[in-house]
Amino acid sequence: LKTIKILGTGCAKCKATEQAVRNVIAKNNIDATVEKVEDIQKIMEYNIMSTPALVVDEIVKIKGRVPSESEILEALK
Amino acid sequence: MFDWLQNFSDWLIYSFFDIAQGSKLGDSLNFFVYDTIKILILLFLITFIMGIVNSYFPVDKIRNYLSRNKLFGLEYLFASTFGAITPFCSCSSVPLFIGFVKGGIPLGVTFAFLITSPLVNEVAIALFIGMFGLKATILYVSSGIILGMIGGFVLGKLNLEKHLSPWVQQVLLNAEKESDLEIEKQSFVQRLPLIFREAMGIIRSVLLYVIIGIGIGALMHGFIPTGFFENYISKENPFAVPLAVIFGVPMYSNAAGVLPIIQVFVQKGIPIGTAIAFMMAVVGLSIPEATLLKKVMTWKLIAIFFSVITFFIIISGYLFNILL
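Residues numbered from 1 in each chain as written. Chains lettered and ligands numbered in written order. Predicted model: local features only at pLDDT ≥ 70, side-chain atom pairs only at ≥ 80, totals over all residues. Heavy atoms only, no water.

K.L.:
What exactly am I supposed to notice about the interface of chain A and chain B here?
P.N.:
As a measure of interface size, the accessible area lost when the parts come together is often cited. Each partner contributes residues to the interface: chain A has 16 residues there, and chain B has 18 residues. Among the residues of chain A in contact with chain B, Ile40, Met44 and Met49 of chain A are the three that bury the most area, contributing 44% of the side total. Scanning the region where chain A abuts chain B turns up 2 salt bridges. Among the salt bridges present, the one from Asp60 of chain B reaches Lys63 of chain A, with a minimum N-O distance of 3.1 Å. Inspection of the region where chain A meets chain B yields 4 residue pairs in polar contact (both at pLDDT 80 or more). Ranked by residue count, the leading element in the side of chain A that touches chain B is helix H2 (residues 40-44) of chain A, at 3 residues. Split by residue class, the side of chain A that touches chain B holds 7 nonpolar, 6 polar and 3 charged. (Contact = heavy atoms within 4.5 Å. Buried area = accessible area lost by both parts, 1.4 Å probe. Salt bridge = Lys/Arg side-chain N within 4 Å of Asp/Glu carboxyl O. Polar contact = N/O pair within 3.5 Å; in protein donor to acceptor, adjacent residues only side chain to side chain. Helix = DSSP H or I, 4+ residues; strand = E, 2+ residues; numbered from the N terminus. Nonpolar A, V, L, I, M, F, W, Y, C, P; charged D, E, K, R; others polar.)

K.L.:
I tried to follow the pairing of strand E4 (residues 59-63) of chain A on my own but got confused; where do I start?
P.N.:
In the sheet, strand E3 (residues 53-56) of chain A pairs with E4 of chain A via 4 bridges, with the strands oriented antiparallel. Within E4 of chain A, the position partnered with Val56 of chain A by the bridge is Ile59 of chain A. (Pairing = 2+ DSSP bridges.)

K.L.:
Honestly, the packing of aromatic side chains in this entry has me stumped. Any pointers?
P.N.:
All names here are of chain B. According to the stated counting rule, one finds 17 aromatic pairs over all chains in the structure shown. Between Phe305 and Phe306 the ring centres are 5.8 Å apart and the planes differ by 65°, which places this aromatic pair in the edge-to-face class. Classification of Phe305 by relative accessible area gives buried; the value is 2%. With a centroid separation of 5.4 Å and 70° between ring planes, the pair formed by Phe311 and Phe312 is classed as edge-to-face. With a relative accessible area of 17%, Phe312 lands in the buried category. Through a chain of ring-to-ring contacts, three or more aromatic side chains come together here, namely Phe8, Trp11, Phe16 and Phe17. In this structure, Lys61 is placed above the aromatic ring of Phe57, and the distance from its NZ or CZ to the ring centre is 5.8 Å. The side chain of Arg191 reaches across the aromatic face of Tyr56, ending 4.0 Å from its centre. (Phe/Tyr/Trp six-rings, centres within 6.5 Å; stacked < 30°, edge-to-face > 60°. Buried < 20%, exposed > 50% of the residue type's maximum accessible area, 1.4 Å probe, protein only. Lys NZ or Arg CZ within 6 Å of the ring centre and 35° of its normal.)

This is the structure:
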């Protein structure tokens, strides 16, 4: 089971990222929990400076842009 | 450079669609076709070039550079210039702010970055070239950078740390110099697909604003007589600049939406300096921006920040009117 977090204060790009992640999980039957982290203090604990960011099992995989579905799949491996 | 495009627009509207040249509708449509295509070409070029620069100077690298090096005052110039290079997204301003504070970068330098970031960016530059030409663009970019430097410097001197939100002050206490980043070595060709995708993403996100902006601009272009605004806002009116700026501060739009309209204002007789000052106020400061910053600073600090920047935007408005 993977723990996926999407860090973002709620802008359009962050929502797009969350949607993309959910699509990838559904399409590939990946067993994972998805959590959207919107609290800025919590976001900053990951030491990133640009949102949205994709965190898999507490490791920041992609930051500052909306990842493509293939990138997300790669990050989940 | 764009003569061919003007010829094409003339042909399309006046010959192909057979709308009379000189009619209000014809002129509006011609302006719309010409402006939209020109702006899209420039937008693509500039966004792509800035994307390349950005790929080599990502914001993390900039932060670490500013955090580790003593620059004897030059840090304001660097921070402000980097603010111009970095693509602006209002939702990133808070994480950026904290990231800088965390890296032990002085508050004034952080402000310098924060001021320039929305004012000067790839979208603003592309539209500016297309609408006001290269000379005005260079003046705009350099004054945006100078404004960030001076604003940041002044704010830095005011000892505002105590007005940060308590949790940010905590971050400030634990600030440390950033260690080296592990930077992936990538060749230019390897970087290209991502740069291209980012550029397309930026263009897609502003496309609608640009087209609506040009649409409104085109209507005004066709239907408002030249010199219409001169009676109301002339160069001689000393209150025009401050009024335009104060009116613009609470409003929010990105450069993409507001510039096409500004262009028509200028064509119809509003002094360019007044118009640019208005635009700076609209894109640089806004109520949404203030509410975002509330997460990291007190209202008092936001008020000081906004007043200082408003003051300098008004000054640049007067300067633009003299210089352009």
